[in-house]
Each structure stands twice: as structure tokens, then as C-alpha cells.
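# Coordinate inspection notes
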Amino acid sequence: MSKQTIFLLRDTSLTQDNTRDFQILFLKIARDLGVEDSIQAVRASDLGIYDKGYVVKDLNNKITYANIQETDIEKFLKATIKGEGSVDEFKYTADKCQLRIVLRNCGLIDPENIEEYMAQQGYCALAKALTEMTPETVIDEMKKSGLRGRGGAGFPTWMKWSFARNSLDETRFVVCNADEGDPGAYMDRSILEGDPHAVVEGMILAGFAIGAQRGFFYIRAEYPLAIKRIETAIEQAYERGLLGNDILGSGFNFDLEIRLGAGAFVCGEETALIESIEGKRGTPRPRPPFPADKGLWNHPTIINNVETLATVAQIINRGGEWLAAIGTEKSKGTKVFAITGKVKNSGLVEIPMGMTLGEVVFGIAGGVLGGRKLMAVQTGGPSGGVIPLKLIDTKVSYEHLAEVGSIMGSGGLIVMDEDDCMVDIPRFYLRFCVEESCGKCAPCRIGGFQMLKILDRIAEGKGVEADLQQLQRIAKGMQKASLCALGQTAPNPVLSTMKYFPEEYRQHVEDKKCRAGKCTKMVQYTIDQTHCKKCKLCVVNCPVGAISGSREAGYVVDQVKCIKCGTCYEVCKFKAIVRK
Amino acid sequence: MITARINGITVKVPVGTTILEAAKRVQIKIPTLCAHPDLPARASCGICIVKAKGINKMLRACCTPIEKDMDIITHDAEIVEIRRTVIELILSKHPNECLTCTRNHTCELQQLAADFGILRESFPQIEPKVPYDDSTGAIAVDRRKCILCGRCVDVCQVMQNVWALSFLDRGIDARVAPAGEITLEESPCIRCGQCSAHCPTGAIVEHDDTPKVWAALQNPELHCVVQIAPAVRVAIGDILGYPPGTNLTRKLYAAFRRLGFDSVFDTNFGADVTIVEEGTEFVHRFTKAPEQLPLITSCCPAWVDFMEKYHHDVVPHFSSCKSPHQIVGALAKTFYAKKRRHDPENIFVVSIMPCTAKKYEITRSKEMYASGYKDVDIVITTRELARMIKQSGIDFNSLVDEDADSILGEYTGAATIFGVTGGVMEAALRTAYYAITGGKLANIEFENVRGFDGVKEGAIPIHGKTVKVAVAHGIGNVEYVLNRVVEAKRKGEEPPYHFIEVMACPGGCIGGGGQPYGVTNQIRAARAAGLYSDDRDCAIRYSHENPSLKALYDEYIGKPLGERAHHLFHTGYTTYSEYKR
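Numbering of residues starts from 1 in each chain and follows the order in which that chain's sequence is written. Chain A is the first chain written and ligand 1 is the first ligand written, with later ones labelled in order. Since the coordinates come from a predicted model, pLDDT governs what is reported: local features require at least 70, and pairs of side-chain atoms require 80 or more to be given and counted, while whole-chain, interface and lining totals use all residues.

Attention now moves to the overall build of chain A. Going along the chain from the N terminus, every DSSP run of H or I of four or more residues is numbered as a helix, and every run of E of two or more is numbered as a strand. Of the regular secondary structure elements, chain A holds 22 helices and 17 strands. With C-alpha atoms as the basis for the radius of gyration, the globule rule is written as 2.2 Å multiplied by the number of residues raised to the power 0.38. Expected size for 580 residues packed as a compact globule is a radius of gyration near 25 Å; at 27 Å, chain A falls within 12% of this value. C-alpha extents for chain A along the principal axes are approximately 85 × 70 × 40 Å. Exposed residues have 12 or fewer other C-beta atoms within 10 Å of their own C-beta, buried residues have 20 or more, and partly exposed residues fall in between, where C-beta atoms are placed from the backbone. The proportion of buried residues among the 580 residues of chain A is 52%.

Structure representation (C-alpha cells):
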């Protein structure tokens, strides 16, 4: 059999996924052309390209084609396989490219097949470390790379490792923190599902570097596929002698097992995670002692995020300097973001550190949905801050995001347009933190609740001037006196919106008005009879039947029945619905 | 040793000392609500925050070890303001019921609010919907007042190893309750009351039985009898304005008469009886039935409860002897009633105990009705008695010492040390030595069973044999001792101990769950010293030499472990599962 060309197929449109139909058609046309033996057409789950119609990636020649219609398939196959004609017009090049290091295999390899991972240099780093390196040189390489923790806080990974390495206690553990819980974030999940072996290899390397004997994956139970894929990966690694005793004949022993998180957000906090693995209630412990000193069962333990661990093998393969060449002075390498919100191409992207938020939002993500005006960008999930349009040129890096009052966080990036309310957004995040507070320490438990009550009042149009000072006061108490990062950072969305959008707060409190119409208690929808054409579109679309009347008498909104969903406002073609 | 600076003052402390402790050494008090010297730091209240130069975050003084050359600021405008915010937040989820709260004037939160000059409610009150739990009849839990400091949970789990209390739910709904949202009565709670003794607020308090005592005292039909446990006399002074450990036995006798009690007895008399019975039991097992060794003391009702729930395997080793106040109760309604021609039905026995579990003990089994009536009618704790004394307008300080009534009031030095860990053991050994050898000890004080080590072990030579003893206090420490016993049994080896004393509370009854608040090891030591000096001051220091006791046995009981003794002084045990539901 002659050499086959491998095509990866993907429907990248935002509204539907017809990849499977496209694949069937693709294969049928290939058969009709008699080239079916020369090709393989594989469905990819994600190519990192969005809103570009059907995308086909020619793996052999490393060329990507986009916006291919069904009717173009014949022409495409003729050109690429038979060399008849050209399809250059479909060639895809992104102007500001993602840099896929962590996600390099995601969507490209079969995550349940260890051989496919190995074909991408998988486990080469482990072999290299075990045969050519010492734990100290591995840590050295990590130091050179400048890799910082991708879980949010950005602590230098090598430093954590060397604390554990230098401990006098020789029972040590490695933990992979896969308790991803930020609303809208799925970076870790995608890595675990798309390239599980990369994380497993990172774990083994970390174990080797710190001299651990055992490692734990702490994965939230809501990620069944990720759990299954990690289980499979661990099994395969054992079969190949990459886990267990005397790994690759080096004398190094390392075992890996999985622990499931039961869905508490706070268990992503490392000391609460330790408690949870130990079988206790997941509440944070005071630090010091830090886990690298006294962690699981009081033994030195390093806890690294999925993305951090997924980077390790490539650092060992390519050398620390390679990663250090990417990024800013203090933030090296790439970061994966889950872009969501009012954006054209929502999805998972990996970008080099130092790219600006604007480049990410307008370049990679294609700008704001519906061509509306960008209001703000939120990074760092419920612990992060809201960054206004005027600061859109802020670079994505630990230090630059912190400067503007946000954080890198684990990689949530939410885009907001003019229809978003800058009181409602922080209220959403705060509510999340209040619900997820473990309740152990008073500032977070009660402070968060009281802040939320104040925001609720403001959103209902019952806010008073003093409420704004109270918000600041409680926020400070929470930031300074909470035990763990959850409470310390929970006020961030509120504080950053108060800082950048004081006018919105003022409007809510003084004028009892919500510009975006999100704070429904302050909004009223009425029908302007002079503009109304009596088309009844609003009547038909109202989900609660709040609009009634007749062509003769005109239509009115029943304010008691109205749930202020805004549907009438959106469907009216004549701007006859007035929102006040 | 490391040197650091706190508020500009140089401090030199051992490595590992917390900032909180280090500050104390230079006379700086950092406020806290959750930290307690008996417990590991939980770091939950967020009030002890301090600044350290060069560190961005504020540190919790209670759990952060001070480091070399650290430069700590404990008080500045910013820190005080944050502390005030946190206190106000805590107050917003705590009912404003200070005036009608058991802990009025002893509440740590109230004190802090006063210290910080909090004069208004800054935040609206959050009304928690949580059930009130008075199911045990010994400890009452008012969860609305709970500030979730976690002391009670640590007491229950770490110190006492009982695990009746735990945290449920999270965030604003987090609360302390038995797992599964059952009542305390249905839980493994042993009613030791240590949670109530450590609670900073009025969230866990003793079940208040004083109204029943007042009612009895005002009932002309009733002949009210009172007895006082050994540990109460050296502890109540904390509330009445005396230095810790002051022995107030005879002032208390006077106060009881002022309160209206018709007869004043002393539980110490019962303790002497316990020793005679238990000592005889031990001598019997030691000399004639070694397979029944070790003998384990049974005066502590919380310990009995724990054993009945958790340690079914050691039930046969338990002394069948009742606790001293139950003995006095049974005697009051039999021997005393007969002698003084009172109808036992009209005798009302009140026991003043350092203990909340004693409230449960009086109805624990049918043997607690040995007289044909309820042997002890009511138990009130030291704290409740102090309130009664204050209510009744007695100028306690000026009272003239009085004596207890005869028949059931006389006691020996051996009895009074019942109130401290190791005391029952020591008293029993004195009498056992006599029973085995017929002679007296050269040194009557057994130093190796004294002190506050969690487990104390000793070997006492008696008549060519060695009696191996173990003393454990704080239920958390008993596991080690029992495991050794069970292990030896399993292997068919000699038991590691012949005689084991257990008291559920740290320090024994002097640190009991019903004692005045604010107990630390220093205060426990002062109370122990008070009892040991009471022992030394007693002319008679062997239980079996108590003249009233001799008269009792001669006139009424007969022989120790005899038929009447068995009926009035001994009890049985049942085993049941930890959870009732």
C-alpha cells in the first residue's frame, strides 16, 4: 500500500457540529474518485480554529485548509491527492497565531492510545531524565525554564520542587490538582481528555525530581471522561513499565492513583485538597507549614496544576532555555485560556505570555459577538478582576494582570459587551464564592454573604451611598483576614468594577437605573404606541403572556406578569419597546 | 532560640513558638476568638492577624511560628480596623441576646465587642435557621450563638476522640452538629461537656437545672440534701473572686445552709466508700482472680458512657462500683432516712458536680434507683451553683466556715484527691496496700500517678509483688492504654496493667465540663494543688479509716462487697452502638 495522506476534519462553525456528516461525505467522494486507499480522514475534536466552516488539516504536509464547502471536496481531493488543480485559496493562516505547547497533541492524537503519544516524542523526556539526568538537573532545567504554576498563583514550579526535594522527610508525594472549578473554565479538562499521557509523564518526572514514591490525581467527579482517560493512561503506563517499580530499569519506583473530588470549589485550594485526599472535610489548613514541607499525611507534597505538569516533559525534552525564550520577563511560556462570553470564537486557545488582551480578544477570538462594543474583559474566574476596554492593551502575564487588579488565575477569560451590567457581573461571581465558601473562617463566611446582600440591595434599586463604603470595608477585611485564597480574592470582581466603573455603581445607587437592563428589579418595559406597528411579534414571543391588547386599542405590557426577560425588546423590529 | 521583634520589642523564644505566644512574653495581647491553649490552632476566626515587615499578606498569629529576625506589628490603625470589621461581621450572625444568655459576662465575643468599643450594628442581622438541641439533658446547644470557632469540634474529635460533633454544610450554612443531622442524644456524645467548657460564647452550655433546685428548696414537704464533689471546692472560687485552687469546702457548707438545704453532705464520704469497695474488688482480683485483671475505674460517667459505646471488649474489666455521689444518694434515702426517720420519698438529693455527664448518670440504669427511689434527684454543675449563690444574696466571702453534717459528711484525704487525675488510683492503692499487707505505706503520696501527662504509668511494689498501673485523662488518651490491654489479651500475654484509672476530662474532674470557664493547665495545676493540700491537711488519709464509714459498715452495710453493699454500691453495664439512630 502506498503512503496514505492523513486528513483531520473539523466543523468549526459556532452554531453546529456537522463534522461526522462531513467525514462521511468526504470518504464517499474519496471512494468515488478511487483514492480511498490513499487517504485517512479522521474527525478531530478541536483544532484550535473557530468559525471557519469546515477545516481540513493535511497532517503529512502540515497545511491547514479552511472554509471548505461540501461542493469543494471533489476539487480538494483532486488537488491534494492527484495533483490536479490547486486549492491554495482555502489555505488557512492565522494572522496572530496561537502557540500550542500544552495543547500540541489535543485533538490530534488518540488520547487512549499510548503509541500515538509516544509517536509525538511521548515519554522521551522521562527516558532522558531517568538515564541522563539527576533529580537536581531536572529541577535545574525547570528553574531555567522559569515555569510558574498555572493554577493561578504563579509560584515558581522549580522552587516548590526543590523545597520538597530538600526536605529531611523521605516519604514524599506528588499531587496533580485537576479540581478545575472556575465557572466557564475547561482548560484542564481538555488537557486531561486530549493528552492524558503528557500529564502522567509530567507527574512521573515531578516524582523523580522530588524523590516521591507516590502520586495522586485529584480530579473532580464531574469530569468522567477525563477520569476514564487518565485511568487508561495510567494503566497503559504500567503495562509499558513507565510506572511501578524500577521504571525503565532506572531503579526509580513511582505509583500513581486517582482520587475524585466531590465538587467543592474550595478543594482546588491546595491545603483543602490535601484534607480531602486524606478523607477529611475539605477545608483549608493554616499555612505554614506549606505542603512542600508538610502536606499529605504530614509528608512533603508538591501540588501542581494540570497545565503545569503537561508542560514539564517538553521542558525536559527541549531544555529550559527553550521555554524561557517565550513570554515576558517574569512570565515564561504559554497559557491556555478558555474564552467565553460575548465573543465570536469562544473556545480554548493557547497563547504565548506577553500577548495583549486585545490581540487575544480581537485577533484570535475574532472580536465581540454581533459587532457590539467591548465593555470589559474578565480574567481569573471568580477570584479575578474585571479589566475595562481602556486597559485592553494589558499584556497577558502574571505581573501585568496583577498591576490592573486582576489575576491570571487558571485561565478563564470572559468577554463582556455593553449589554453586561458591571454590578450584575461581580454579583454573579461573588454569589459563586459565597456558595462555595467552606465556612471555616469568619471573614469569608460572613463577609462574602454580607457583601452579596449589599450587592443584591443595590441591584434591586435599594442601595444607599453608605453601601459602597461598606462594600470596600468588608472587602478589605476579607482580603486581609481570610484564611485561604478563596476568601482573600473573592472581593476582586467587586473591587475592580467599583474601581473602573464607578459611574455604573453611582447610577444604580443614586438614579436607581441599570444601564444594561440586567438588574431587572429596576427595569420596566413599555410599548411606545407611536412606534408600534401592531405586528404582535412581542405578544407571540413573550414567554409569560404579559403583553395583551388589540390592533385597535394597542398593546400594553402587564407589569405584574412581566419577568423582564427582555425578549420583546430584542424581537421588536421597530424599536417600539422602551426599556427604562 | 530565635530572636525577633514585636512592636519594636526584641523577643527571644524557642524555635516553633507562635507569634501569639511570643507576643505574650513581651506583654502584648493579641485578641483571638478561636485559639485555645488546650487545642491545636484552627485559624478560623481571623482576628489575630498581624503584619510582618517584608511580607505582603497579614499573618495569623495563632498558627504562624515566629521566624528569626521577623519584625512584627500587632497593633496599628489598619489592623485594628480589620479586626473590628471581622468582629462586626461575626456579631451580624450572632443574636443580640447578651442579657438573657448564660454566658452574659463570661462570653469571649461579648468581651471582644466591648474591648473594641463596638457601639452599633454595622451589618444587618443574619437570622440562621438552626435547630436548638437540648436532647441530652446535660448539654444544651444553641446553634444561633455559634461563631464556628471550631473549638468544640476539636475538643470532641482531637481531645476526646468521641466524634459526636462535626461540621456540616458549608458557607453561611455551615454549622456544628452530629454527622447526619441527628440530635446529640442520638449521637456518640458522652456528655463530658468539654465542648461547653471551651465554647467562647453561649452556643454550648450546661442544661440549666437550677429552677428545679429552687423549687425543691421552696417546697416545705421536701427534706433537701446536698452533696458536693471534691473538684468543686477548689474551682468555684474562680467565679466567686478567689485565686485559682482556693479550697472553699467549709464556706460552701455554710452557703448551702443559707440556701436552705436541710442537710449538707460531702461526696467525699461516698468516695471513701468507693475506695473501700473498689479496693476490695481490686485486692480480690489481684490476689485470687488474676484473669480478671486489669481492673478499670468507673467513677467517671462520661468514661462509662464511652466504654459502653466504643469499648465493649473491656466491659468485664470495669469495676462494678458506683460513683461516689450515687453512693451518697443511695445512702441518703436508706441509711440516713432510716436513722433520722425521714420518709425517703420526701428526701430530695442535689449533687453539686464539676461535670455535665453526671446529669445523665442519675438516670443511667436501674441501679441508680437502688434506694427504691431516684437516688440522686438533680445534678447541678459548679457554674450553676455559683449562679445560685449569687442570686441568693449571700456574701460568700464573709461567710464563717461551717462543717458538714454527720453520718454522710466526714471524709479522708484519700477521698478528696478523687477530683484530680491519678487521685482515685492513689486512694485505692493506699487502701489496697493495707488490705494486702495489713500495714501502712512509708510514703503515702504516689508521685508517678500525679501530674498532667496524658498517660501515666507506674509500678508499685506491694508485698513482693508489683502492681502495674496506668492513669489516663482526656478520653483521647485512653486509646493507647486500652490498645495495650487488648493486644496483650489477643496474644495471651500477661496484662500490661493491673489497675487502670480513667477520667474523661483533661486533668480529671478539676478540669471537668461543668467547671468555671477559662481553664488552662495552669489553673488545673492550681486546683490540683488545692486538693493535694486538702489531702495533706486531713488527719486521716486512708479511706478505710474514715470513722463514719466504719460506723456505716458496722451498723448497716456489713462487709464490703457483701449483699447490702452489692445492692446499694454496685452497678452493671450494658453495651450499645455509638449511634442510636
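Still more ground to cover, so stick around.
What follows is about the environment of S398 of chain B. Relative to the helices and strands, S398 of chain B resides in the loop between α14 (382–391) and α15 (413–416). Between the alpha carbons of S398 of chain B and K251 of chain B there is a distance of 8.8 Å; along the sequence they are 147 residues apart.

Another aspect to go through is the interface of chain A and chain B. How big an interface is tends to be stated in terms of the accessible area lost upon association of its parts. Placing a C-beta atom from the backbone of each residue, one calls two residues in contact when those atoms lie within 7 Å. Contact with chain A, which involves 26 residues of that partner, is made by 28 residues of chain B. The set of elements that each furnish at least two residues to the side of chain A that touches chain B consists of α15 (424–436), α16 (442–459) and α17 (465–481) of chain A. With 8 residues, α16 of chain A is the single largest residue contributor to the side of chain A that touches chain B. Of the residues in the side of chain A that touches chain B, the class split is 12 nonpolar, 6 polar and 8 charged. Side-chain classes follow a simple rule in which Ala, Val, Leu, Ile, Met, Phe, Trp, Tyr, Cys and Pro form the nonpolar group, Asp, Glu, Lys and Arg form the charged group, and the remainder, Gly included, forms the polar group.

Looking now at the sheet that holds strand β12 (residues 263–266) of chain B. Paired through their backbone hydrogen bonds, the strands of a sheet run either parallel or antiparallel. Residues and elements named next belong to chain B. By the convention used here, strands pair only if DSSP detects at least 2 bridges between them. Here 4 strands make up an open sheet; going across it, the order is β12-β11-β14-β15 and the pairing parallel. Single-partner strands in this sheet number two, and they are β12 and β15 (378–381). In this sheet, adjacent strand axes meet at a mean angle of 25° when their direction is disregarded. Pairing of strand β11 (residues 223–228) with β12 involves 4 bridges; the strand directions are parallel. Residue pairing across strands places V225 opposite S263, the latter belonging to β12. To define axes, lines are fitted to C-alpha atoms, for helices over the stretch in contact only, and angles between the resulting N-to-C directions are given on a 0 to 180 degree scale.

Glancing now at the nonpolar core. Residue and element names in this part refer to chain A. Ranked by size, the top nonpolar core spans 350 residues in total, and within it L205 and V360 carry the most contacts. Not counting chain neighbours up to four residues away, the residues in contact with L205 comprise A125, L126, A129, V138, V312, A313 and I316. A set of buried residues drawn from Ala, Val, Leu, Ile, Met, Phe, Trp, Tyr and Cys, joined through C-beta atoms within 7 Å, is what defines a nonpolar core. Counting residues in each nonpolar core, the second largest holds 10 residues, with C538, C542, A546 and C568 among its members.

Attention shifts here to the sheet that holds strand β9 (residues 334–341) of chain A. Residue and element names in this part refer to chain A. With mixed pairing, 5 strands are arranged side by side in an open sheet as β10-β9-β13-β11-β12. Looking at the sheet topology across the chains shown, the edges are occupied by β10 (347–352) and β12 (386–388). Neighbour-to-neighbour, the strand axes of the sheet open up by a mean angle of 30°, direction not taken into account. Across 6 bridges, β9 lies against β10 in antiparallel orientation. In the strand pairing of β10, A338 is matched with L348.

A few words on the pairing of strand β1 (residues 5–11) of chain A. All names here are of chain A. Sheet analysis places β1 next to strand β2 (residues 39–43), joined by 5 bridges and oriented parallel. For I6, the partnering residue across the bridge sits in β2 and is Q40. Where β1 meets strand β3 (residues 54–58), 5 bridges bridge the pair, whose relative direction is antiparallel. When the sheet's bridge partners are listed, L9 is paired in β3 with V56.

Right, let's talk about the domain arrangement of chain B for a bit. Residue and element names in this part refer to chain B. Parsing chain B into structural domains produces domain 1 (2–91), domain 2 (123–207) and domain 3 (220–569). Domain borders in the structure are assigned automatically or taken from a domain database. Centre-to-centre separation of domain 1 and domain 2, based on C-alpha positions: 27 Å. Residue-level contacts link 12 residues of domain 1 with 12 residues of domain 2. Here the residues of the side of domain 1 that touches domain 2 are counted per class, giving 7 nonpolar, 2 polar and 3 charged.

Another point: the confidence of the model for chain B. With 100% of its residues at a pLDDT of 70 or more, chain B shows a mean pLDDT of 93. Under the prediction, the complex receives an ipTM of 0.89, its pTM being 0.89. What pLDDT expresses is the predictor's confidence in each residue, scored from 0 to 100.

Cis geometry is found at the peptide bond from R287 of chain A to P288 of chain A, where omega equals -5°. Its location among the elements puts P288 of chain A in the loop between α10 (270–277) and β8 (301–305). Phi angles above zero are rare outside glycine, and N67 of chain A is one such case at about 55°. As for its placement among the helices and strands, N67 of chain A is situated in strand β4 (residues 63–68). On the basis of neighbour counts, which here come to 14 C-beta atoms within 10 Å, the residue N67 of chain A falls in the partly exposed class. Backbone geometry at N161 of chain B places phi at a positive 55°, although glycine is not the residue there. Turning to its location among the elements, N161 of chain B is positioned in the loop between α4 (151–159) and β8 (166–168).

With domains assigned, chain A is organised as domain 1 (5–90), domain 2 (114–323), domain 3 (334–417), domain 4 (424–511) and domain 5 (524–579). Computed over C-alpha atoms, the centres of domain 3 of chain A and domain 5 of chain A are 36 Å apart.

With that out of the way, let us pick up α4 of chain B. All names here are of chain B. Where burial is concerned, most of α4 is hidden: 7 out of the 9 residues are buried. Along α4, the positions that sit buried rather than exposed are R151, C152, V153, D154, V155, C156 and M159. In the segment just after α4, N161 is the residue with positive phi, at about 55°.

Okay, the packing of α16 of chain A against helix α2 (residues 77–91) of chain B next. Contact geometry for α16 of chain A and α2 of chain B: axes closest at 9 Å, N-to-C directions at 70°. Here α16 of chain A lies roughly perpendicular to α2 of chain B, going by the angle between them. The residues of α2 of chain B that touch α16 of chain A, namely those facing A442, P443, I446, G447 and Q450 of chain A, are V86, L89 and I90 of chain B. Class assignment of the residues belonging to the contact of α16 of chain A with α2 of chain B gives a composition of 6 nonpolar, 2 polar and no charged. An angle below 35 degrees is treated as roughly parallel, one above 145 as roughly antiparallel, one from 65 to 115 as roughly perpendicular, and anything else as oblique.

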